[in-house]
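Spelled out from the first residue to the last, the chains are:
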Amino acid sequence: MNILKFGGTSVGSIASISALLSILEKEQQQSEKPVIVLSAMSGVTNLLTSMAEKAALGEDYNVELNAIENRHFEIIRALLPAAAQNPVLTKLKLYFNELEELLQAIYNLQELSLQAKDLILSYGERCSTFMVCHIAKQQFPNALFADATQFIKTDSNFGQAKVDMQLTEFLVKDFYQIHAEKMLFVTGFIASNDAQRVTTLGRGGSDYTAAILGSALNAREIQIWTDVNGMMTADPRMVKKAFSLPELSYIEAMELSYFGAKVIYPPTMTPAFLKKIPIVIKNTFDVDFEGTYIRHGAKASALSIKGISSIDEISILNLAGSGMVGKAGFSGRLFSLLSREQINIVLITQSSSEHSITFAVKPDDAIKAVSLISKEFDLELQAKKLDVPEVENGLAVLAIVGENMKRTPGISGKLFHALGRNGVNVHAIAQGSSEYNISVIIAKTDLSKAINAVHDAFYAELNKTLHIFCLGTGNIGRTLFEQLIIQMPFLAKNNDLQVKVMGISNTRKMLLSTNGIALAQWEETLNTQGEPANLENFVAQMKAMNLPNCVFVDNTASAMPVPFYQGIFEASISIVTCNKLGNSAGFEQYKTFKNTARKFGVDFYYETNVGAGLPIIRTLKDLMMSGDKVAKIEAILSGTISYIFNHFKGDAAFHEIVKEAQEKGYTEPDPRDDLNGKDFMRKMLILARDAGYALEEKDVSIESMLPEACLQAPTVEEFYQQLEVNAAYFTSLKAEAANQKKVLRYIGKLDGGKASITLQMVDENHPFYMLSGSDNIISFTTDRYKDRPLVIKGPGAGAEVTAAGVFADIINVGGEKG
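These numbers were taken from a predicted model, which means no experiment stands behind them.

**As for the sheet that holds strand β12 (residues 347-350)**
Spatial ordering of the open sheet is given by β12-β13-β11-β14-β16-β15, a layout of six strands whose pairing is antiparallel. If you trace the sheet from one side to the other, it starts and ends with β12 and β15 (428-431), each paired once. Averaged over all pairs of adjacent strands, the angle between their axes in this sheet comes to 30°, without regard to strand direction. Bridge count for β12 against strand β13 (residues 356-361) is four bridges, and the pairing is antiparallel. Opposite Q350, over in β13, you have I357 as the bridge partner. Here helix α13 (residues 411-421) sits on the sheet and contacts β14 (390-401), β15 and β16 (437-443); the angle it forms with β16, its principal contact strand, is near 15°.

Following this line, the structure appears as structure tokens:
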């Protein structure tokens, strides 16, 4: 036979009790009569606790009492025929009257003992089990209500009673044999001592009841019916990509449960563990789910870890001093003291020098522990052989668990890489020699980010998620969103990567969402749900969301975002930018950005600073990383100027070509911003710096292609007039080049650490002769590419190629899984 235990949500509503009855019907058809263990209705135990505490304080508790009574009565009236209701309602009313009398006594005394509290809490299980048993009787006439206080016997440690397993096993077998023809509905959580006083089994007590019965009756399996799909790889409330595990060993389940996996609790498993009885975690609301089996001899798994668990409230105590070194019995004295005072140690780690011990306790125990240690080790403290104990609060424990960890090298490396990459500082580490568990203590504020980052790192079959925050919704930003929509399915299928836009801002509106922003309607969502744009607030909220694998994408040409870059890096957030202003300002700023990104283990990608979507920065980096030495760089890095000179042929006038380029969107609103060489200079400056030269703006020599009168014109309109006035100058340049069978090119050069930009005439033997449209071109002369330079050529302007370059940089942030 099987033991079936149903939790609070499984008996908490009309629908869930109906589902429970269907499960019992199916179970009875497949095997012998099951034994059913029931919890109190969901929320009732908390209400009973609240009522008891209110009564002790002399406060009114009748609202809660009436709420509990009405919940039970509503279910009786809904699920029992009228003729069968009266006896059940009468018995429940007697229970509630007893409960009210007990609360009144506490109210009068204004004192709540643990014994009285256990008695009050017992009414939750008694009422729910009696109610469900009589509802089930309509379908299963042999159903019998069984109060576990009759056969589960404990000591008198009220609130956390210890079971007398030998006596309990005898009484359970006897009760079961006497009622062999009955389908037993047993109260979970409650028991009694030798004096027949009600006790409770503590946290997870109903699961424990099921395990005790299963052990005593040698059950085939113990089924725990809850409201989730078994044990999962992580808490699904924190990790959306968590998935159900088909099987765990007892040790794996015990480790996960100890560190906060709330589906099942460690004491539950002990009786089953000893008898090697499988425990199955099932879902009352999804009966097709096979369940998670916890058993002896679980099959080998391909997963390197089985799950990630956590305790989200923890404090650590650091004890250090020379008096600990080589002192035999010091640890025993310390931990015996804490054990005597019922302080549970969650985790211990000690330095090999024996100079310090760090241990973790619940926050409520931390102050008490410090006080006890101060008294016990008073002499050592006074002699300065021991430092005053330090307490760190606001911490959490994250644990990875799995039997395969013992046989898989690199597990801890992957764990710490995932944490470090996301800026999660580790306060303490613990691992047993069994290697089933590695536990780390981190800041509680980092817990959600850390669990998600570690989950992404270890479960390679899942898509890694990049969380991006996009600044700028102009041509490039808008086009990037279009490309993301099209490419998302490909990335998920072929790169195991998901890109989730969590925030969007322009100069008018900003929007951040913890669930992500659907790109299909991003503009409408931003306009209708966004708040007034404030860059400082946008960055602050992005940091506060504290997400793993986070990327800030700057698609602007504004100087405003640049001062925020360093703080973003320091928050362990990568930056992808097409904004040249950050890298082309002072060299110290450029160096600071690079060093800060390296220090905090994040990426700083800016491929589009130089050649839109062309792989120029990456090629230069690869050349240098592989040991090649760059002797010379020559480049045409202005798509605007390239377009103008490629079309300045025949009878075309220079001012007409400039106007045409502006109309096609190749120039800034004022074309002089392109034609004065300033933008080109910034690109050459970034290239020079990436090539290892500490150049400033003043170090780049720029030959102007425009007459002074054109540069000094007060308006754009007058600029065009001056271009016409100086038409002869431009025509003569064109004619001179044509006569020599050459073409005009505005070329940047880095040679021997010196950078210049000059207007040149090149013949057909020059690699820059054959250009068309708005093409950019760059040639690298290096030790390896000495006789024939390495040439990269392609479109150097336009929203499509620039957005594609930004997109490629984003993907590279997530390129290395984990």
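**Observations regarding the pattern of salt bridges**
Summed over all chains, the structure comprises 26 salt bridges. Salt-bridge contacts for E169 lead to K275; the nearest nitrogen and oxygen are separated by 3.8 Å. Placement of E169 in helix α6 (residues 165-178) and of K275 in helix α9 (residues 266-275) is noted, with a sequence separation of 106 residues between them. We note a salt bridge from D603 to R421, for which the minimum N-O separation is 2.5 Å. Of this pair, D603 sits in the loop between α20 (587-599) and β23 (604-605) while R421 is found in helix α13, placing the two residues 182 residues apart along the sequence.

**Here we look at the environment of G205**
Mapped onto the secondary structure, G205 falls in helix α7 (residues 205-216). The class of G205 is buried, set by a relative accessible area of 4%. Distance in space between the C-alpha atoms of G205 and K5 is 11 Å, their sequence separation being 200 residues.

**Side note on the pairing of strand β17 (residues 464-471)**
The element β17 is largely enclosed, with a buried count of eight among its eight residues. As paired elements, β17 and strand β18 (residues 497-505) share eight bridges and run parallel to each other. Considered in β18, the bridge of F469 is made with G503. In terms of handedness, the path from β17 via helix α15 (residues 475-494) over to β18 forms a crossover that is right-handed. Where β17 lies against strand β21 (residues 550-554), five bridges are found, and the strand directions are parallel.

**Structural notes on a nonpolar patch on the surface**
Together, I251, F273 and L274 make up a nonpolar patch on the protein surface, roughly 280 Å² of accessible area in all. Looking at where L274 falls in the secondary structure, it is placed in helix α9.

**A word on unusual backbone geometry**
Even without being glycine, Q110 reaches a positive phi, approximately 50°. Its location among the elements puts Q110 in the loop between α4 (82-109) and α5 (114-136). Not every positive phi belongs to a glycine, and N218 is a case in point at roughly 50°. Within the element layout of this structure, N218 appears in the loop between α7 and β7 (221-226).

**Things to note about the packing of aromatic side chains**
The final tally for this structure, using the stated rule, is 26 aromatic pairs. Considering the side-chain rings of F73 and F96, the 6.0 Å spacing of their centres and the 75° angle between planes classify their relative orientation as edge-to-face. Remark: F96 occurs in helix α4 and F73 occurs in helix α3 (residues 62-79); sequence separation between them is 23 residues. Residue F96 is classed as buried on the basis of its relative accessible area of 2%. Pairing F719 with Y720 gives two aromatic rings, centres 5.4 Å apart and planes at 55°, and the pair type is tilted. We classify Y720 as buried; its relative accessible area is 10%. Members of the aromatic cluster, each reached through a chain of ring pairs, are Y565, F569, F593, F604 and Y606. The side chain of K91 reaches across the aromatic face of Y95, ending 4.7 Å from its centre.

Thresholds, definitions, all that
Residues numbered from 1 in each chain as written. Predicted model: local features only at pLDDT ≥ 70, side-chain atom pairs only at ≥ 80, totals over all residues. Heavy atoms only, no water. Pairing = 2+ DSSP bridges. Helix = DSSP H or I, 4+ residues; strand = E, 2+ residues; numbered from the N terminus. Axes fitted to C-alpha atoms, helices over the stretch in contact; angles between N-to-C directions. Contact = heavy atoms within 4.5 Å. Salt bridge = Lys/Arg side-chain N within 4 Å of Asp/Glu carboxyl O. Buried < 20%, exposed > 50% of the residue type's maximum accessible area, 1.4 Å probe, protein only. Right-handed = clockwise from strand over helix to strand, strands pointing away. Patch = residues over 30% accessible without salt bridge, like charges linked within 9 Å, V, L, I, M, F, W, Y side chains within 5 Å. Areas by Shrake-Rupley, 256 points an atom, 1.4 Å probe, with all protein chains shown as cover. Phe/Tyr/Trp six-rings, centres within 6.5 Å; stacked < 30°, edge-to-face > 60°. Lys NZ or Arg CZ within 6 Å of the ring centre and 35° of its normal.

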